[in-house]
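Each chain, written out:
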Amino acid sequence: MHQTLLLLPGDGIGPEVIAEVRRVAEVVAPDLKLEEGLVGGASIDAHGEPLTEETLAHARHASAVLLGAVGGPKWVGAARDKRPEAGLLALRKGLDVFANLRPAFCFPALVEASSLKREIVEGLDLMIVRELTGGVYFGQPRGIDETSGIRRGYDTAVYTHPEIERVAHVAFEIARGRQGKVCSVEKSNVMESGLFWRQEVTLAHAEMGAGVDLSHMYADACAMELVRAPKQFDVILADNLFGDILSDEAAMLTGSIGMLPSASLGAPGTPGLYEPVHGSAPDIAGQGIANPCAAILSLEMALRWSLGREKTADILFAAVGKALEQGARTKDLGGSLTTREMADAVIAAL
Ligand code: NAD
Ligand code: IPM
Ligand code: MN
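Residues numbered from 1 in each chain as written. Chains lettered and ligands numbered in written order. Predicted model: local features only at pLDDT ≥ 70, side-chain atom pairs only at ≥ 80, totals over all residues.

A. Fine view of the pairing of strand β4 (residues 99-105). Within β4, 6 of the 7 residues are buried, leaving the element largely enclosed by the surrounding structure. When β4 meets strand β5 (residues 125-131), the two strands line up antiparallel, connected through 7 bridges. Within β5, the position partnered with P103 by the bridge is M127. Here β4 pairs with strand β11 (residues 261-265) via 3 bridges, running antiparallel. Residue pairing in the sheet places N100 in a bridge with S264 of β11. (Buried ≥ 20, exposed ≤ 12 C-beta atoms within 10 Å, placed from the backbone. Helix = DSSP H or I, 4+ residues; strand = E, 2+ residues; numbered from the N terminus. Pairing = 2+ DSSP bridges.)

In structure tokens:
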């Protein structure tokens, strides 16, 4: 049976980078069946909602899903469930992809592209494991209302035992294939859900953490350590919100957010969701200058984590590194290549 990859280009630069992923996929995995669907603002414009039942069903039946980006100024004023971002959250929840892997890898050729000093980022290779389907992103109650004449806005940060346990297991498993170190971050000094996170991760480690060295750090301290001495980290395990923030921060260690891919995994045998960490970049959308590497490396992660094609993934990863070594740079990396030319450089390096 053919493996299928569902492409969901989305909005802004999403379609621009996914077009290049399509070309790369046709070269490295010509037998892979590429399908396409709508999500985010593109789906709102066509169907009035950011994720249709049909697209979700399509995603559930695919071998893997690769999403470009969603969002943009056009849909900012809409009700929350009618915004592009709601479609992405519903897709993550609908696929139950609870473990979001966000690597921060500094390609040797990009050491000078980082805003940090060479010695801080050279050789950097860390993995953030972000819980993706729980926490304050989904907790109830939430809302904006008025009580006793005072307006208020509120969210609920809540985690259950199974939610923390399963993502901790993924972090331990990943660490065993790397340097064997997991640093779990929270705000257990301030938040009950943070204290519970630390307790649960500690328990999970006692049960399933053989061979893994577990440490804990407050999220604010971790944010500081990430720019002071990022190479101390191997795997960082974080909740949905802290993982979101820390992964954007880690992106800048590698030179550009246009370089960072992600994989979101659920239960074994279910389709993974792959996305660049960056958004729809409204400021550069339509100009053809977005860096396609994050999307191309998201394909690389899909080949590795969902499609069982590790060798092809290695070849693609090496080709991105080689293209960079040969000087290929989009604007965000200080160069002048277009999106298409950057992908051409990767394809040529294959
Ligand atoms: P963003 O990542 O879209 O852009 C931040 C900055 O990085 C911008 O200056 C942009 O030009 C630059 N940038 C991002 N990707 C790039 C690339 N591939 N090449 C070159 N430069 C790149 O974040 P934002 O501006 O905070 O958000 C814009 C919209 O995207 C919002 O609607 C937001 O909700 C959405 N968003 C979506 C996702 C997603 O779909 N996974 C992720 C983050 C933000
Ligand atoms: C990300 C984005 C999303 C998130 C938004 C667009 C819902 O910032 O993928 O990092 O906060 O998870
Ligand atoms: Mn984010």
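What follows picks up the thread again.
B. Highlighting the site of ligand 2. All residues in the neighbourhood of ligand 2 are listed as G71, E85, L88, L89, D244 and V277. Top element by residues in the shell around ligand 2 is helix α4 (residues 84-95). It accounts for 3 residues. Here the residues of the shell around ligand 2 are counted per class, giving 3 nonpolar, 1 polar and 2 charged. (Near = placed C-beta within 6 Å. Nonpolar A, V, L, I, M, F, W, Y, C, P; charged D, E, K, R; others polar.)

C. Representation of the UniProt feature "binding site: substrate" (unreviewed entry) in the protein chain. As recorded in UniProt, the feature "binding site: substrate" (unreviewed entry) lies at R92, R102, R130 and D220. A maximum C-alpha distance of 26.2 Å among these annotated residues, which run over 129 residues, shows that they spread across the structure rather than meeting at one spot. Take R102: it is sitting in strand β4. Among all residues touching R102, those that are not within four sequence positions of it are I128, R130, S247, L260, S262 and V277. Position of R130 among the secondary structure elements: in strand β5. (UniProt positions renumbered as here; feature names shortened; annotations may be inferred. Contact = placed C-beta atoms within 7 Å.)

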